Amino acid sequence: MNQQIAGAVVLGVAVLLILAGVWAWRARLRRDSGLTAPLGVPEHAEVRARYETLYVATTRHDHSLERLAVRPLVYRARGELTITDRGAALSLDGSPTVFLASTRLIGADLATVTIDRAVEPGGLIRLVWRTDDGTVVDSYLRITGDIGNTDASGAALADLQRLISSQRPDAASETGESA
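Only a predicted model underlies this, so the values are computations on that prediction, with no experimental measurement involved.

Undergrad: Account for the overall build of the chain, naming residues and giving values.
TA: When its secondary structure is counted, the chain shows 3 helices and 10 strands. The N-to-C order of helical and strand elements in the chain reads α-β-β-β-β-β-β-β-β-β-β-α-α. In the chain, which comprises 179 residues, the proportion classed as buried is 42%. Contacts in the chain between residues far apart in sequence, at least 24 positions, make up 65% of those at least 6 positions apart. Accessible area for the chain stands at about 9,600 Å²; split by element, carbon and sulfur atoms hold 55% of it.

This is the structure we're talking about:
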């Protein structure tokens with residue numbers, strides 16, 4: 001009988017923890033319902049590079065442990081980062097394509113830690129951008145594809161920084177980074 005009581009207590013605690021997690025996630029979705037990312041790639045955008053990527057998370061700017069549920073960047077997903085002459089497109093499995101025009105991009109650099117993910121030093125790309133309502137956020141990407149002997153993550157970062165600096169030469173000074 002003691003094992004049955006202990007099992008029931010453990011099961012009850014597990015169910016409560018799951019319910020608390022679901023309740024907390026739904027509260028986060030409601031809290032962040034006003035944050036959206038721009039969708040769709042503009043016509044005649046010239047593709048400069050493509051990278052297989054894992055989208056990790058979007059957080060408040062400089063608060064890498066405070067996840068935001070920016071629609072449609074709510075869940076971690078595999079996809080493709082496409083650099084064009086007009087901005088960066090993020091095509092994630094199961095979501096519409098997010099297009100961050102170069103005017104929205106503020107900065108790009110390397111990161112090691114974000115919510116739910118820690119990797120080798122410089123294993124993540126932090127992309128700093130503005131949502132539709134002007135909120136500055138950080139999105140974290142892990143480049144997973146291989147482009148021969150070249151470091152794919154380094155190439156993607158260089159392409160992003162080149163895109164940002166060509167459109168906004170003052171972008172690096174806004175986040176305190178050096179381009």
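Undergrad: Account for unusual backbone geometry, naming residues and giving values.
TA: Cis geometry is adopted by the peptide bond preceding Pro-72, which originates at Arg-71 and carries an omega value of 0 degrees. Locating Pro-72 in the fold gives a position in the loop between β2 (63-67) and β3 (77-84). Unlike most non-glycine residues, His-44 shows phi in positive territory, near 65 degrees. Inspection of the secondary structure puts His-44 in the loop between α1 (2-31) and β1 (47-60). Phi is positive for Asp-62, close to 65 degrees, though the residue is something other than glycine. Counting through the fold element by element, Asp-62 comes out in the loop between β1 and β2. With a relative accessible area of 51%, Asp-62 lands in the exposed category.

Undergrad: Can you tell me about the side chain of Arg-67, naming the residues and giving the values?
TA: In this fold, Arg-67 is placed in strand β2. On the basis of relative accessible area, Arg-67 is assigned to the buried category, the value being 10%. Apart from residues no more than four positions distant in its own chain, Arg-67 is found in contact with Trp-25, Arg-28, Arg-31, Asp-32, Val-56, Ala-57, Thr-58, Thr-59, Val-74, Ile-115 and Asp-116.

Undergrad: Lay out the confidence of the model for the chain in plain terms, naming residues and giving numbers.
TA: Per-residue confidence for the chain gives a mean pLDDT of 85, with 89% of residues at or over 70. Below a pLDDT of 50 lies the segment residues 171-179, which in the model reaches 17 contacts outside its immediate sequence neighbourhood of four places, other chains included.

Undergrad: So what about the packing of aromatic side chains? Which residues, and what values?
TA: For the structure shown, the criterion picks out 1 aromatic pair. When the ring of Trp-25 is compared with that of Tyr-75, the centres are 5.8 Å apart and the planes differ by 40 degrees; the resulting orientation is tilted. With Trp-25 in helix α1 and Tyr-75 in the loop between β2 and β3, this residue pair connects regions lying 50 residues apart in the sequence. Relative accessible area serves as the criterion here: at 52%, Tyr-75 is assigned to the exposed category.

Undergrad: Tell me about empty space enclosed by the protein, residues and numbers included.
TA: Space left empty within the atom packing is revealed by a probe, the size of a water molecule, rolled over the atoms. Using the criterion set out here, one finds 1 cavity of 30 Å³ or more in the structure. In this structure, the largest cavity occupies an estimated 30 Å³ of space. Lining the largest cavity, in full, are Leu-73, Leu-90, Val-98, Leu-100, Leu-127, Trp-129, Ser-139 and Leu-141. Here the lining of the largest cavity is built from residues that sort into 7 nonpolar, 1 polar and no charged.

Undergrad: An account of the nonpolar core is requested, with residue identities and associated values reported.
TA: Most often, soluble globular proteins keep nonpolar side chains buried together rather than apart. With 31 residues, the main nonpolar core has Tyr-51, Leu-73, Leu-81, Ile-83, Leu-90, Trp-129 and Leu-160 as its most contacted residues. Where this core is concerned, the elements lending two or more residues are β1, β3, β4 (87-92), β5 (98-101), β6 (105-111), β9 (124-130), β10 (136-143) and α2 (152-167). For this core, the element with the most residues is α2, which contributes 7 residues. When sequence neighbours within four positions are dropped, the list of residues in contact with Leu-73 reads Ala-37, Tyr-55, Thr-58, Leu-68, Leu-90, Leu-92, Val-98, Trp-129 and Ser-139. Core analysis: the second largest hydrophobic core is formed by 8 residues, Leu-54, Val-56, Ala-111 and Tyr-140 among them.

What counts and what doesn't
- The residue numbers shown here count from 1 along each chain, following its written sequence.
- At least 70 in pLDDT is required for a residue's local features to be given in this predicted model, at least 80 for side-chain atom pairs to be given and counted, and no such filter applies to totals for whole chains, interfaces and linings, which use all residues.
- Water and hydrogen atoms were dropped before computing side-chain values, which therefore reflect all heavy atoms in the structure.
- Secondary structure elements are defined from DSSP: runs of H or I of at least 4 residues count as helices, runs of E of at least 2 residues count as strands, and each element is numbered from the N terminus.
- Relative accessibility decides the category of a residue: with a 1.4 Å probe and only protein chains considered, values under 20% of the type maximum give buried, values over 50% give exposed, and everything between is partly exposed.
- By definition, residues are in contact when any of their heavy atoms lie within 4.5 Å.
- Per-residue accessibility takes into account occlusion by the displayed protein chains alone, with areas from the Shrake-Rupley method and a 1.4 Å probe.
- Confidence scores here are pLDDT values: one per residue, from the predictor, ranging 0 to 100.
- Centres within 6.5 Å are what make two rings of Phe, Tyr or Trp a pair, Trp counting through its six-membered ring; a difference in plane orientation under 30 degrees is then read as stacked, over 60 as edge-to-face, and the rest as tilted.
- Points on a 1 Å grid, built from protein atoms alone, make a cavity when a 1.4 Å probe fits but cannot get out and make a pocket when they are open with protein on both sides within 12 Å along at least 5 of 7 lines; residues with an atom within 4 Å of a point are the lining residues.
- Grid points are joined across faces, edges and corners, and a volume is the space filled by probe spheres set on the points.
- Gly is put with the polar residues, along with every residue not named as nonpolar or charged; the nonpolar set is Ala, Val, Leu, Ile, Met, Phe, Trp, Tyr, Cys and Pro, and the charged set is Asp, Glu, Lys and Arg.
- Throughout, nonpolar core names a set of buried Ala, Val, Leu, Ile, Met, Phe, Trp, Tyr and Cys residues whose side chains join them through atoms within 4.5 Å.

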